[in-house]
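Each chain, written out:
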Amino acid sequence: MSTKTDDRLDQPADEDTPAAAAETTPDVPEDSIQVIMEREGYELLFAHPRALYLGKDVTENTRQTVIEDEVFSSSVEQFGVDIVIEARRDHHGRLAVHDGKMRTLAALKAGLDKLLVLVRPSNDDDDERDAVKARIFSQLRINERRADITTGDKMAALHQLVLLDVTPQELATQRHMPLKDAKKLHTAVQSKAAVQASQNNENLTLDDMLLIAGFEAEVDHDPEAVEALTQTAQTNRYGLRNKAYELMQQRRDADLLRPLQAKFAKSKTPIVTAMELAADNDSAALTVLRPSPAHEPGTALTPAAHKNCPGNVVLIDFEGHGETRKAVPVHLCRDFRGFGHAMLDAPKGVAALKPAGKMTPEELADRRLTIKFNGEWPLSIEPRQAWMAEKFREVKYPKGFRIHRRTAQLAVVAGYEFKRAIEHSHPLLRECLAGAAASGEGVKPALSQDALQKRIDGASEEHAAMLTLGLWAFAVEARISKQKSPWKNAGPETVLLMTILKELGMGLSPVENYILGLDEDGRPLDGTAGTADAAEQVEASTLASSSEPVAA
C-alpha cells in the first residue's frame, strides 16, 4: 500500500495515481450524470467518477490522506462499488463527495463509468462558515465511526454462507485469497463451536479454529471435548494446542485402557489410580514384594499367587507418548504388611526395613505433584515437537530475539545432548523438518542427511541461524522427551530450552511452566524466581562453566 496526500484528481500525486478526474461537473460529458429521481431536495443519480469533486483541502473533505489498499481496489474492480456515494452540491454547482472518497478513487482506478450517488440537499440560507463547520464535524463522525466488523462477526457471516452451500472456490474468489487458505477457512467456519470461540476471543487464529472444528466434525463427536477447547480458547488461546493434544491423547489412552478394563473386570481385580495411592504408604507393587517374611529374600510374589489376596489391585500405567504410547498394568497389594507379605530385599523374618509411617502434608503435596507432572510430561511432548517443527522451518526469527546468544548458551550447557544427536545424525530434527505425517507403515518420514545439508546450503543467513538453533534445541528435546521426569530439578539445558521456546512464542503447558518456576497461568510460583531469573541462572551457569581461572 502507498500513501497519497494530493487529492485533486487532475493533479496526480505520482504516476501510480489513477487517471485524473475533473474538479467540476461541467468538465465531463453531459451524459456523465443520469438523474434517477428527485424528492424533497434529495437526488438519486448515476454519475461518472470524473463528475465527482473530492475537495482540495480539509475544509472540503477531511480525508486528506488516502491509503491505497490493493485488496479493496481489486474488489471494486471485480464487483463494483457496493455502497452508495453521498455528495452535496457546493456553491459552484459541483457534486462534492461527502462520504465515499476512497470508493470514488478505486472506481476511477478500476475504470468504472458510473456510480450510484445520493445527493443531500444544501441549505442555501446557512452561513458559509457554519456550513463548513457542520460538514467537517459530519465527516469526522462518519470516518471515526467507520470500523471494521470484528473477526467473530466475520466468521459468523462466513458460517452462514457455508450453510448456503458456498464453496471454497467461491470464498477464494469473493474474499481474494489463495484457494488453499479458502479451503482451510471453509472447514473452520463449518464448525459452530469454532465460530463461537472466535466471537469470544478476537485473537484466535485460523489454525486455532481448525483445532476446534476438527473435534466437532468427528463422527464420534464429543461435546465435552469441544466445550473444553472453546473454554480454553476463551481464556488462554496459547494453551489451545496443548489442550487439543491432551484431549486427543486421552482418547488414545481410553482406547488402550478399554481391553484392560474388560480383562480385569472379568478377573474381578479392582483398578486403582495413582492419585488414589498418593497418600498410601502401605501399598507396594508385586515386583518389590515376596510372599511372606518367612520366605527367603528375593523370592518373587507373582500376580497368579497373589490373585486371591484381599489387597490385590492393579494400576494402569501409561508409558511413552504419541503413537508409541502403551498401557502397562502394574499389580499391587494395598496393604502388604497387613496381608502378610514382605519387601523383596528385607531380611528373612522382617516385613520391611522401614515402618510405614505417616506422610507429612509437604510429602503428600510433593507426591501428588510428582504424580500430576509425571502424567502431564508425556502429553506435552507431541505438541511441543509439532510446534518446534513449524517454528524451525521458518526462515526468520522474531524481531528482538537474541538468537546467536541463545545458540551459544545451548552450545555450552548441552554438549552431551549435541554429541548424541551428532552420533545419530540428528534424527528428531530431520524427522520434524520433514513433517509429522506418518507413512503407510506407521513410520514417520525424515529428511535424509543430504536433504538437510542442501536445506542448510540454500538457506539465508537468518534461516541458517534458525536451523543452527534448531540443531541444538532438537538435540536437547531428543534427550528430555525420553526421560520420565526431566521437569524435576531440571538441568540448565532443559530450563534454557523452555526459555527459548517461550521467547519464540510457544504457549507452555503447566509442566513446562513449572520448569521455569511459573504456575499454570505463567505467573511466578511462590518462593521461585520465575522466567526472567531462570534465564539469568542459565546465563550464570553458562559463564561459570566456561570461565577459566585467573592468575593472582
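Our structure's up above, just so we're on the same page.
Heads up: these notes are all about the structure in this document. (Residues numbered from 1 in each chain as written. Predicted model: local features only at pLDDT ≥ 70, side-chain atom pairs only at ≥ 80, totals over all residues. Heavy atoms only, no water.)

**Quick word on the sheet that holds strand S10 (residues 284-285)**
What the four strands build is an open sheet, ordered S9-S12-S13-S10; its pairing is mixed. Edge positions in the sheet fall to strand S9 (271-272) and S10, since each has one partner strand and no second. The pairing of S10 with strand S13 (residues 326-333) spans two bridges and is classified as antiparallel. Considered in S13, the bridge of Ala284 is made with Cys333. (Pairing = 2+ DSSP bridges. Helix = DSSP H or I, 4+ residues; strand = E, 2+ residues; numbered from the N terminus.)

**A short note on the sheet that holds strand S6 (residues 85-89)**
In a beta sheet, neighbouring strands pair by backbone hydrogen bonds and run either parallel or antiparallel. Spatial strand order, S2-S3-S8-S6-S7-S4: six strands in an open sheet with mixed pairing. Every other strand in the sheet has two partners, leaving strand S2 (33-39) and strand S4 (52-53) as the edge strands with one partner each. Summarising the sheet, S6 and strand S8 (residues 115-120) pair through four bridges and their orientation is parallel. What sits directly across from Arg88, in S8, is Arg120.

**Brief notes about a nonpolar patch on the surface**
Together, Ile36, Met37 and Leu116 give the surface a local cluster of nonpolar side chains, amounting to about 240 Å² of exposed area. Position of Met37 relative to the elements: it lies in strand S2. Judged by its relative accessible area of 36%, Met37 falls in the partly exposed class. (Patch = residues over 30% accessible without salt bridge, like charges linked within 9 Å, V, L, I, M, F, W, Y side chains within 5 Å. Areas by Shrake-Rupley, 256 points an atom, 1.4 Å probe, with all protein chains shown as cover. Salt bridge = Lys/Arg side-chain N within 4 Å of Asp/Glu carboxyl O. Buried < 20%, exposed > 50% of the residue type's maximum accessible area, 1.4 Å probe, protein only.)

**Considerations on the packing of helix H9 (residues 223-235) against helix H10 (residues 240-266)**
Where H9 contacts H10, the two axes come as close as 9 Å, and the packing angle between them is 165 degrees. As far as their axial angle goes, H10 and H9 are roughly antiparallel. Of the two possible hands of crossing, H9 and H10 adopt the one that is right-handed. In contact with Ala225, Ala228, Leu229, Thr232 and Ala233 of H9, H10 contributes Leu240, Lys243, Ala244, Leu247 and Arg251. When the residues that make up the contact of H9 with H10 are grouped by side-chain class, the tally is seven nonpolar, one polar and two charged. (Axes fitted to C-alpha atoms, helices over the stretch in contact; angles between N-to-C directions. Parallel < 35°, antiparallel > 145°, perpendicular 65-115°, else oblique. Left-handed = near helix turned anticlockwise from the far one by under 90°. Contact = heavy atoms within 4.5 Å. Nonpolar A, V, L, I, M, F, W, Y, C, P; charged D, E, K, R; others polar.)

**Overview of the state of the cysteines**
The full count for this structure, using the stated rule, is zero disulfides. Just so you know, Cys309 is unpaired, no disulfide at all, and the nearest cysteine sulfur is the one on Cys333, 4.0 Å from it. Classification of Cys309 by relative accessible area gives buried; the value is 14%. (Disulfide = S-S within 2.5 Å.)

**Brief notes about the nonpolar core**
Residues Trp377, Met388, Phe392, Leu410 and Leu469 are the most contacted members of the largest nonpolar core, which totals 46 residues. Secondary structure elements with two or more residues in this core: helix H12 (361-391), helix H13 (403-413), helix H14 (415-423), helix H15 (427-434), helix H17 (461-480), helix H18 (492-503) and helix H19 (510-515). Top element by residues in this core is H17. It accounts for 11 residues. Excluding residues that lie within four positions of it along the chain, Trp377 makes contacts with Arg384, Ile480, Gln483, Lys484, Pro486, Trp487, Met498, Val511 and Ile515. Among the nonpolar cores identified, the runner-up in size contains 26 residues, and Phe215, Ala225, Val226 and Leu229 belong to it. (Core = buried A, V, L, I, M, F, W, Y, C linked by side-chain atoms within 4.5 Å.)

**Describing unusual backbone geometry**
Backbone geometry at Glu40 places phi at a positive 50 degrees, although glycine is not the residue there. Relative to the helices and strands, Glu40 resides in the loop between S2 and strand S3 (42-47).

**With respect to the pattern of salt bridges**
For the structure shown, the criterion picks out 22 salt bridges. Put simply, Asp90 and Arg94 hold a salt bridge, and the shortest N to O gap is 2.8 Å. Residues Asp90 and Arg94 agree in their burial class; the two are buried. With a shortest N-O distance of 3.8 Å, Arg337 and Asp282 are connected by a salt bridge. In this pair, Arg337 is assigned in the loop between S13 and strand S14 (342-343) and Asp282 in the loop between S9 and S10, connecting sequence segments 55 residues apart. The partly exposed category is assigned to Arg337, whose relative accessible area is 29%.

**Some thoughts on helix H2 (residues 101-110)**
With seven of 10 residues buried, H2 lies mostly within the body of the structure. Remark: Gly111 follows H2 within two positions and exhibits a positive phi of approximately 80 degrees.

**As for the pairing of S3**
Side chains of S3 alternate between two faces, with Glu43, Leu45 and Ala47 buried and Tyr42, Leu44 and Phe46 left unburied. Sheet analysis places S2 next to S3, joined by six bridges and oriented antiparallel. Opposite Glu38, over in S3, you have Glu43 as the bridge partner. Here S2 folds back onto S3, and the loop between the two strands holds two residues, one of which, Glu40, carries a positive phi near 50 degrees. Alignment of S3 against S8, held across five bridges, turns out to be antiparallel. Each bridged residue has a counterpart across the sheet, and for Leu45 the counterpart in S8 is Val117.

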